[in-house]
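# Descriptive structure summary
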Amino acid sequence: MSSTRAQNVGVRAIDVYFPSRYVDQTELEQHDGVSAGKYTIGLGQSKMAFCDDREDISSVCLTAVQGFMEKYNVSYSDIGRLEVGTETIIDKSKSTKSVLMKLFEESGNFNVEGIDTTNACYGGTSALFNACQWMDSSAWDGRLALVVAGDIAVYASGNARPSGGCGVTCILVGPEAPLALEFPLRGTFMEHIYDFYKPNMSSEFPTVDGPLSVTSYVRAIDNAYMAYLDKLEKVGGVSNPSLNDLDYVVFHSPYTKQVVKGFARLAYNDFLRNPEDEAFAEVQQFKDVSREESYGNKVLEKAFITVSKKSYAAKTDPSLLAARNIGNMYTGSVFFGLASLLSQVPYEQLEGKRVGVFSYGSGCAASVYSFRVRGDTSSIAKTLDLAARLDNRIKVSPAGFEKIMELREKTHNAQEYEPSGNVDELLPGTYYLQKIDSMWRRAYGRTPLN
């Protein structure tokens, strides 16, 4: 057992996995016959990653974890906890974490705590909290933890399909981390609501109430952010806390236009707390608008987007590199934002700064929390090599993309099935589905590293 309490627990390292293929959103607009800019401006998306029948949630998580361990030269023997956050379910009983234990066989380490956590896009955040709180407790045995968060986000043909994506993050949690989680600075909001859910077990497509989901996201920001500021004031000793006390802010991104609105909502909440602040001189007409009325007020929304535009560009836009070019990764989305921030902003600018995080999962569960940059992040950025990896992908035509979506829909929950996807188009070191037998047992292979 560890004799001393862990200090500065948080993110020691992070890597991401996303498929080798994408569809261009401008071309998808033309293919779908919608107005120019509907996906690229209206949603704020440039490209969308996707996978065929060769990849499932187990394979993409296997790829992410094994790739992480190889890149950072971490031993499986050093891992004492493995938490998985995902809402992509291929088995109602067997966890994705249990599949990942295949990777531990050679090390002989089977004494690994943790399991899957599911609630829409929030599962990864809950997994991170679980790992950090384990390390911060008397239950910690001195070993490190892995947090895996990601999903395959697919939608039925129609308006929602362009907001899909696919990606998985793998995070090493440990003491003396360069990104230290700020205990106990956290604000959480949870309520019962049917905005996005998956009741049809025979399909991987969700049921979505779009307008309600947008309102729920914003309402969750209001409540979680206010709870965070309250904690920052009472526990952190910050007088009259506001957005000024967050150097950077990373958001869950269903699509990047929603993040623009989310950031503006932080400014709106600051306005409600301190309406006489000179920064809000141009929005005084909204002082008497009730919070409930504000949710459907587009004029108010636009005004606070304008007021917060400069701050958004500095604090949040650098975190959206992956989201714009991959799409929604559900549980992995907010951590792809963190990876993007580390990739886009040099350590010299990040050193000592506070990074706020807003995590949201429909249904709903949400938290605002923060990290403090306490160590050099340069090696993480170099290992991620995010921009170059995003550029090194295969573009597929919208017609080709649609055919692959039809294939996934047709083969969902198949048994005695051998996938038809082209393994040669997978990236080196990618795990892929070889077959599903008569008892729905899945067998996986891996493409060569070179």
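Residues numbered from 1 in each chain as written. Predicted model: local features only at pLDDT ≥ 70, side-chain atom pairs only at ≥ 80, totals over all residues. Heavy atoms only, no water.

Attention now goes to the sheet that holds strand E12 (residues 354-361). Here we have 9 strands laid out as an open sheet, ordered E5-E4-E6-E7-E1-E8-E13-E12-E11, and mixed in their pairing. Every other strand in the sheet has two partners, leaving strand E5 (116-117) and strand E11 (248-251) as the edge strands with one partner each. Pairing geometry for strand E4 (residues 79-85) and strand E6 (residues 144-153), over 6 bridges, is parallel. In the strand pairing of E6, Ile-79 is matched with Leu-144. (Pairing = 2+ DSSP bridges. Helix = DSSP H or I, 4+ residues; strand = E, 2+ residues; numbered from the N terminus.)

Tallied over the full model, the rule gives 2 cavities of 30 Å³ or more. Its boundaries defined by the atoms lining it, the largest cavity holds a volume of some 60 Å³. Elements with a minimum of two residues in the lining of the largest cavity: strand E3 (47-50), E6, strand E7 (165-174) and helix H15 (398-411). Its boundaries defined by the atoms lining it, the second largest cavity holds a volume of some 40 Å³. Of all elements in the fold, only E11 and E12 reach the threshold of two or more residues within the lining of the second largest cavity. Considering every element that reaches the lining of the second largest cavity, the biggest residue donor is E12, with 3 residues. When the residues that make up the lining of the second largest cavity are grouped by side-chain class, the tally is 8 nonpolar, 1 polar and no charged. (1 Å grid on protein atoms, 1.4 Å probe; cavity = no way out; pocket = protein on both sides within 12 Å on 5 of 7 lines; lining within 4 Å. Points joined across faces, edges and corners; volume = space filled by probe spheres on them. Nonpolar A, V, L, I, M, F, W, Y, C, P; charged D, E, K, R; others polar.)

Moving on, we come to the packing of aromatic side chains. Evaluated as defined, the whole model comprises 21 aromatic pairs. Geometrically, the ring pair formed by Phe-50 and Phe-401 is edge-to-face, given 5.0 Å between the ring centres and 70 degrees between the ring planes. With a gap of 351 residues between them, Phe-50 in strand E3 and Phe-401 in helix H15 connect regions that are remote in the sequence. Both rings, one in Phe-263 and one in Tyr-312, keep their centres 5.8 Å apart while their planes meet at 70 degrees; by these two values the pair is edge-to-face. In this pair, Phe-263 sits in helix H6 (residues 256-273) while Tyr-312 sits in helix H9 (residues 309-315), placing the two residues 49 residues apart along the sequence. Across the pair, exposure class does not vary: Phe-263 and Tyr-312 are buried alike. A connected cluster of aromatic rings, assembled from ring pairs, spans Tyr-217, Phe-251, Phe-263, Tyr-312, Phe-358 and Tyr-360. The ring centre of Phe-129 lies 3.6 Å from the NZ or CZ of Arg-186, which sits over that ring. (Phe/Tyr/Trp six-rings, centres within 6.5 Å; stacked < 30°, edge-to-face > 60°. Buried < 20%, exposed > 50% of the residue type's maximum accessible area, 1.4 Å probe, protein only. Lys NZ or Arg CZ within 6 Å of the ring centre and 35° of its normal.)

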